[in-house]
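The primary structure of each chain is shown beneath.
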Amino acid sequence: MRPQGRGRRGLLLFFIVIAVVVIGSRTALSYWVDLLWFQSVGYSDVFWRARGLQWGIFVVFAVATFAILYGAFSGLKWSHAGELPSNHTIFVAGRSVNLPIEPVLRAAAAGVSLVVAVGAGAAMSSDWPALALLWYAPRSTGNVVDPIFDRPLNFYLFTLPAWHLIIGWLLMLAILLCILAVLFIAVTGGSRALTGEGNDGTRLQWRGLSISVAFLLLVTAANVYVGRFDHLLDHHTIFDGVTYTDAHVTITGLLLVSAALVLGAVIAAINAMRRSGGFLLLASIIPAVVCYAGLGLVGWYVSSFLVKPNELVREQPYIARNIEFTRRAYGLDRFQRHEFPAETTVEATDPANNQPTLQNIRLWDWQALQDTLRQIQEIRTYYDFPDIDIDRYEIDGSMRQVMLAARELNVDKLPESSRNWINEKLIYTHGYGVTMNPVNGFTAEGLPTLMLSNMPVQSTVHGLNVTRPEIYFGELTNTDVYVKTRQQEFNYPQGQTNSVTSYEGNGGVPVGGFLRRILLAFDRGDLGKLPFSDDVNAQSRLLMRRNVRERVATLAPFLSFDQDPYLVVGEDGRLSWVMDAFTVSDNYPYSTHYTLNNHSVNYMRNSVKAVVDAYDGTTTFYVFDNEDPILGAYRSIFPSLFKDAAAMPASLRKHVRYPELLLKLQAEVYGLYHMTNPGVFYNREDLWTVATEVGMSEGGQQATQAMEPNFVLMKLPGEASVEYVEILPFTPANRNNLIGWIAGRSDGEHYGTSAVYDFPKTKLVDGPLQIEARIDQNAQLSGQLTLWNQQGSHVRRGALLVIPSGRALLYAEPIYLQAERSPMPELRLVVLALQDRLAYGPTFEAALSSLFGGTESSLSNSESTQATPSPAGMPQHSTDIHALIGEAARDFDDYQHLTATGKLGEAGQKLDQLKRVIDQLNAHQKE
């Protein structure tokens with residue numbers, strides 16, 4: 001029977017070895033391909049530094065875990081010498097077989113220790129940034145110290161997270177050691193050992209458990225001690241951070257609890273040396289339990305009877321600290337605050353001095369433009385415009401705001417008959433070209449006026465050209481492709497034929513020889529195709545991680561990224577993607593936590609701009625905030641990964657902008673933390689929220705939603721030059737009128753700064769929902785929209801824009817008409833409004849003339865001049881009923897004709913005449 005048992009064990013060992021080899025080989029292959037990719041993008045040193053840190057941390061903690069666990073087993077086995085049975089009898093096929101116990105236990109202990117060690121090492125290495133930041137943290141982070149413990153900022157950003165990680169590891173080990181000690185006692189000593197009865201050998205068994213408990217109590221004491229600092233991060237109903245009760249009771253009490261746990265560890269250690277029983281060991285935890293219970297009781301009393309009756313008075317200094325540190329953590333302390341008069345007259349808009357603003361009002365809603373481009377510029381079904389970007393360019397000597405869209409290739413839209421490996425990997429490798437149009441440019445048919453369009457790319461603007469229109473790296477490039485092959489790549493359709501090209505860049509991983517090709521194919525899932533393809537040769541290259549989001553996240557996984565990259569056309573004609581990157585933390589003391597990309601953070605800085613070349617994938621990280629301590633630590637770890645902002649080409653620097661994600665989060669925080677008076681903050685007397693508007697839900701229905709940031713070319717109040725700013729308006733909580741607006745600045749020396757403009761408290765300024773209601777209540781306008789909705793078309797209203805102009809606010813909303821059988825909307829109306837005026841027209845110029853011109857025709861659509869006509873002003877219609885019916889029919893025919901020709905102002909007047917005739921008919925009917 002023994003040879004058969006050995007054979008089974010040998011077979012099991014063989015399969016285990018095979019599994020380890022396969023898993024290890026696959027992991028090693030993945031690392032090797034990653035190294036090739038990092039080398040191809042010029043960051044091999046980043047790979048080695050990151051992997052070196054991960055592997056080093058893994059080895060240190062895995063070895064330490066194994067040594068502690070297996071060493072503890074050996075020590076416990078020694079302390080229980082003579083108590084463990086030497087053999088164990090089992091019956092196999094009617095025969096008794098004696099199995100030695102010690103080798104089995106040793107092997108089991110080694111196996112369990114090894115498994116736990118690998119798991120612990122992997123867990124710790126997965127958090128390598130926390131430990132690396134502890135090592136590379138800057139020595140000084142300025143003069144910021146917390147007001148409770150007087151600790152510097154780098155302690156909370158770098159030291160505290162690492163302490164928590166290490167203490168968590170030690171706590172896991174301590175618990176396992178205690179479990180192991182209890183198991184030894186249960187196996188060898190039984191009930192006598194648990195009560196401490198028996199001879200000296202039995203009492204010796206308590207030594208291992210006593211030492212394990214002492215270690216557990218010491219680690220718990222360290223955990224409680226470090227946990228005191230976490231109270232600066234706690235969330236409470238009114239504010240975050242340390243409260244009055246925490247400062248006067250909890251923090252000091254936890255220090256006593258920690259001391260009691262240390263005392264308990266000493267008692268447990270004494271118990272180990274004296275070889276005493278379990279009662280003394282049980283007594284070791286009593287001081288900590290008593291202290292913790294007393295702390296809870298005293299804390300409850302102070303909170304209930306001292307704080308609650310006088311909460312504002314007691315908590316006022318702690319609220320002030322929360323306000324100060326939260327504003328600093330989110331950069332609100334850098335905001336410049338100004339007064340904005342929000343006047344209501346036409347003269348207050350100062351159109352003469354704000355022409356750049358008026359000439360660049362965005363009338364193209366990005367969703368409407370996207371739907372339109374998909375109809376007129378996709379050319380082929382497998383192209384798509386995944387997003388619309390807004391930017392500014394110098395056009396014919398003046399700065400213009402434009403909208404850009406990349407024409408990317410979506411392999412999922414290829415015809416089913418074309419879905420094969422050669423087409424998807426070798427031929428259809430890239431998108432092509434970009435469209436650009438002014439934000440308010442429309443043709444006579446209501447379509448966008450395109451500056452860049454078609455394939456090959458055509459430009460209508462002198463000096464604006466695209467020399468490298470191929471898009472190998474973008475937002476839809478989610479698959480690997482092989483370039484520089486014997487197959488010609490599809491470039492763009494050209495009549496009845498296709499234009500073809502070959503990749504000329506240096507990006508990508510060289511495919512190399514046959515063995516290298518097999519390894520690459522195995523890793524990338526192309527094992528059945530790549531090794532046997534005659535089109536792929538040694539000079540061919542593998543382009544992988546082509547999605548720009550995945551690309552930057554792989555190179556810098558420790559940064560958070562705005563998930564909306566925007567496209568830039570450089571002066572050299574190349575296309576580049578720009579992504580905003582952020583350093584974040586949830587350990588900034590006394591700062592309130594908010595949610596960002598599904599993660600809780602209480603500190604944020606836009607420290608980096610990542611740029612990806614759309615043709616060859618070259619990826620560069622430019623540093624725009626040298627004062628950020630977190631980025632400073634990462635620059636010490638990866639010095640070659642980052643470049644200074646001054647190294648960014650001027651053609652790209654012109655297009656950096658204030659990040660949308662940052663402004664949205666800052667606006668959310670500012671809504672509460674603009675209140676710097678603790679009393680006002682406590683009562684939430686002046687709570688703001690981002691203004692809401694009527695938008696389209698995912699189901700295509702109208703729904704109320706928070707406004708998105710709007711980019712505007714404008715002169716900020718008090719400034720002499722036009723600049724590119726990003727604005728968001730505020731409303732008081734649970735109200736619809738505006739109370740102020742925030743502007744993030746993007747140009748020149750003002751880049752990265754923000755300004756807030758407050759409206760007078762005594763003035764009621766209409767918000768977006770109130771303007772929407774005024775549009776709906778306008779008889780002529782609502783009648784026209786109702787009529788359009790009943791003629792086989794669908795009225796589509798664009799986003800309402802709130803635009804500061806001069807000393808007033810201008811509201812603008814485009815209205816599109818979309819046929820039921822066509823997804824392409826066309827502009828039909830532009831609505832402009834001031835506080836007490838509303839005008840509209842078929843074009844922006846007509847609406848602007850109606851709002852500002854003051855002519856008789858323009859005033860007919862202005863709310864401030866609309867009035868009910870007097871009888872003398874009524875048309876001289878015949879009182880004969882048949883004549884009235886005839887006039888009504890003629891008025892209706894004229895109204896339809898004027899509407900069809902786009903003369904909406906005259907159509908509105910004709911609709912009023914029709915209503916008066918109908919009123920006369922009703923009067924005759926009553927008579």
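Please read these numbers as outputs of a predicted model, since none were measured by experiment. (Residues numbered from 1 in each chain as written. Predicted model: local features only at pLDDT ≥ 70, side-chain atom pairs only at ≥ 80, totals over all residues. Heavy atoms only, no water.)

**Details of the overall build of the protein chain**
Stage number 1. Regarding its fold elements, the protein chain presents 26 helices and 37 strands.
Stage number 2. For the protein chain, the share of sequence-separated contacts (at least 6 apart) that also reach a separation of at least 24 residues comes to 66%.
Stage number 3. Element-wise, carbon and sulfur atoms account for 56% of the exposed surface of the protein chain, whose accessible area totals about 41800 Å². (Helix = DSSP H or I, 4+ residues; strand = E, 2+ residues; numbered from the N terminus. Contact = heavy atoms within 4.5 Å. Areas by Shrake-Rupley, 256 points an atom, 1.4 Å probe, with all protein chains shown as cover.)

**Here's the deal with the nonpolar core**
Stage number 1. With 249 residues, the main nonpolar core has Val569, Phe621 and Phe642 as its most contacted residues.
Stage number 2. With 16 residues, helix H5 (residues 153-188) is the largest single contributor of residues to this core.
Stage number 3. When residues no more than four places from it in sequence are discounted, the contact partners of Phe621 are Tyr43, Val552, Leu555, Ala556, Phe561, Val608, Lys609, Ala610, Leu641, Phe642 and Lys643. (Core = buried A, V, L, I, M, F, W, Y, C linked by side-chain atoms within 4.5 Å. Buried < 20%, exposed > 50% of the residue type's maximum accessible area, 1.4 Å probe, protein only.)

**Considering the sheet that holds strand S16 (residues 509-510)**
Stage number 1. Sheet architecture is open: 3 strands sit in the order S13-S17-S16, paired in antiparallel fashion. Strands at the two margins of the open sheet, each flanked by one partner only, are strand S13 (481-483) and S16.
Stage number 2. Judged from the 3 bridges that link them, S13 and strand S17 (residues 541-543) form a sheet pairing that is antiparallel. Note that in S17 the partner of Tyr482 across the bridge is Leu542. (Pairing = 2+ DSSP bridges.)

**What about the side chain of Asp365?**
Stage number 1. Tracing the backbone through its elements, the reader meets Asp365 in the loop between helix H12 (355-358) and helix H13 (366-376).
Stage number 2. In this structure, Asp365 is buried with no salt-bridge partner, the nearest side chain bearing the opposite charge being Arg362 at 4.9 Å.
Stage number 3. Setting aside anything within four residues of it in sequence, one finds Asp365 in contact with Gly798, Ala799 and Tyr816. (Lys, Arg positive; Asp, Glu negative; His and termini not counted. Salt bridge = Lys/Arg side-chain N within 4 Å of Asp/Glu carboxyl O.)

**Comments concerning the layout of surface pockets**
Stage number 1. Of the voids in this model, the largest pocket is the one considered here, and its volume is about 1100 Å³.
Stage number 2. Contributing to the lining of the largest pocket are 46 residues, with Asp365, Trp366, Gln367, Gln705 and Ala799 lying nearest its centre.
Stage number 3. What the second largest pocket holds in volume is close to 810 Å³.
Stage number 4. Around the second largest pocket, the lining is made up of 27 residues, and of these Pro129, Phe558, Val584, Ser585 and Tyr634 lie nearest the centre.
Stage number 5. For the lining of the second largest pocket, the class distribution of residues is 16 nonpolar, 9 polar and 2 charged. (1 Å grid on protein atoms, 1.4 Å probe; cavity = no way out; pocket = protein on both sides within 12 Å on 5 of 7 lines; lining within 4 Å. Points joined across faces, edges and corners; volume = space filled by probe spheres on them. Nonpolar A, V, L, I, M, F, W, Y, C, P; charged D, E, K, R; others polar.)

**Quick look at the pattern of salt bridges**
Stage number 1. All chains considered together, the criterion is met by 32 salt bridges.
Stage number 2. In this structure, the salt-bridge partner of Glu343 is Arg807, at a minimum N-O distance of 3.2 Å. Here Glu343 is found in the loop between strand S3 (336-339) and H12, whereas its partner Arg807 is found in the loop between strand S34 (801-805) and strand S35 (808-819), with 464 residues between them in sequence.
Stage number 3. On the basis of relative accessibility, which here comes to 29%, the residue Glu343 falls in the partly exposed class.
Stage number 4. Residues Arg549 and Glu475 are paired through a salt bridge, measuring 2.6 Å at the closest nitrogen-oxygen approach. Of this pair, Arg549 sits in helix H16 (residues 548-555) while Glu475 sits in the loop between strand S12 (470-471) and S13, and the two are 74 residues apart along the sequence.
Stage number 5. Exposure remark for Arg549: the relative accessible area of 24% places this residue in the partly exposed category.
Stage number 6. Relative accessible area serves as the criterion here: at 8%, Glu475 is assigned to the buried category.
Stage number 7. Within the structure, one salt-bridge network assembled from shared partners comprises Glu772, Asp776, Arg797 and Glu813.

**Quick word on the packing of helix H8 (residues 244-274) against helix H11 (residues 311-329)**
Stage number 1. The geometry of H8 relative to H11 is characterised by a closest axis approach of 7 Å and an angle of 95° between their N-to-C directions. Classed by the angle they form, the pair H8 and H11 counts as roughly perpendicular. Note on element contacts: H11 touches H8 through Arg314, Glu315 and Tyr318, opposite Tyr244, Ala247 and His248. (Axes fitted to C-alpha atoms, helices over the stretch in contact; angles between N-to-C directions. Parallel < 35°, antiparallel > 145°, perpendicular 65-115°, else oblique.)

**As for the packing of helix H4 (residues 128-136) against H5**
Stage number 1. Following both chains from N to C, one finds H4 and H5 inclined at 130°, their axes separated by 8 Å at the closest point. Here H4 is positioned oblique relative to H5, judged by the angle of their axes. Both H4 and H5 take part in a crossing whose hand is left-handed. Between H4 and H5, the contacting residues are Ala130, Leu131, Leu133 and Leu134 on the first element and Phe158, Thr159, Ala162, Leu165 and Ile166 on the second.
Stage number 2. Broken down by class, the residue content of the contact of H4 with H5 amounts to 8 nonpolar, 1 polar and no charged. (Left-handed = near helix turned anticlockwise from the far one by under 90°.)

**Notes on the packing of aromatic side chains**
Stage number 1. Taken as a whole and judged by the stated rule, the model has 46 aromatic pairs.
Stage number 2. Each ring, one from Phe149 and one from Phe229, has its centre 4.6 Å from the other, and the planes form 55°; the classification is tilted. Placement of the pair is Phe149 in the loop between H4 and H5 and Phe229 in the loop between helix H7 (200-227) and H8, with a sequence separation of 80 residues. Both residues of the pair, Phe149 and Phe229, count as buried.
Stage number 3. A network of ring pairs unites the aromatic residues Phe149, Phe155, Tyr156, Trp163, Tyr225 and Phe229 as a single cluster. (Phe/Tyr/Trp six-rings, centres within 6.5 Å; stacked < 30°, edge-to-face > 60°.)

**Details of unusual backbone geometry**
Stage number 1. Backbone torsion omega between Met455 and Pro456 reads 0°, so that peptide bond is classified as cis.
Stage number 2. Positionally, Pro456 belongs in the loop between strand S10 (452-453) and strand S11 (458-459).
Stage number 3. One non-glycine residue, Asp350, lies in the positive phi region at around 50°.
Stage number 4. Mapped onto the secondary structure, Asp350 falls in the loop between S3 and H12.
Stage number 5. A relative accessible area of 24% means that Asp350 is categorised as partly exposed.

**Focus on helix H22 (residues 779-789)**
Stage number 1. Taken together, the buried positions of H22 are Gln780, Leu781, Gln784, Leu785, Leu787 and Trp788. Viewed along the axis of H22, the buried residues span an arc of 160°, placing them on a single side of the element.
Stage number 2. Between the side-chain oxygen of the N-cap and the backbone nitrogen of Gln780 there are 3.3 Å, and the N-cap of H22 in question is Asn778. (Arc of directions from axis to C-beta. Polar contact = N/O pair within 3.5 Å; in protein donor to acceptor, adjacent residues only side chain to side chain.)

**Some words on the environment of Trp163**
Stage number 1. Here Trp163 shows up in helix H5.
Stage number 2. Judged by its relative accessible area of 30%, Trp163 is partly exposed.
Stage number 3. Considering only alpha carbons, one finds Trp163 and Ala222, 59 residues apart in sequence, at a separation of 9.5 Å.
Stage number 4. When residues no more than four places from it in sequence are discounted, the contact partners of Trp163 are Phe155 and Val226.

**Points about the environment of Met604**
Stage number 1. In this fold, Met604 is placed in strand S23 (residues 603-613).
Stage number 2. Owing to a relative accessible area of 1%, Met604 belongs among the buried residues under this scheme.
Stage number 3. As for Met604 and Leu662, which are separated by 58 residues in sequence, their C-alpha atoms are 8.0 Å apart.
Stage number 4. Excluding its chain neighbours within four sequence positions, the residues that come into contact with Met604 are Ala329, Phe582, Thr583, Val584, Leu596, Leu661, Leu662 and Leu665.

**Thoughts on the confidence of the model for the protein chain**
Stage number 1. Per-residue pLDDT for the protein chain has a mean of 86; in total, 85% of the residues score no lower than 70.
Stage number 2. Low pLDDT (under 50) marks residues 1-5, which in the prediction has 1 contact with non-local residues, meaning those over four places away or in another chain.
Stage number 3. Scored below 50 in pLDDT, residues 854-879 shows 39 contacts in the model against residues more than four places distant or in partner chains. (pLDDT = per-residue confidence, 0-100.)

**Quick word on the environment of Leu663**
Stage number 1. Tracing the backbone through its elements, the reader meets Leu663 in helix H19 (residues 660-673).
Stage number 2. By relative accessible area, which is 0% here, Leu663 ends up buried.
Stage number 3. For the pair Leu663 and Glu708, spaced 45 residues apart in sequence, the C-alpha to C-alpha distance is 9.9 Å.

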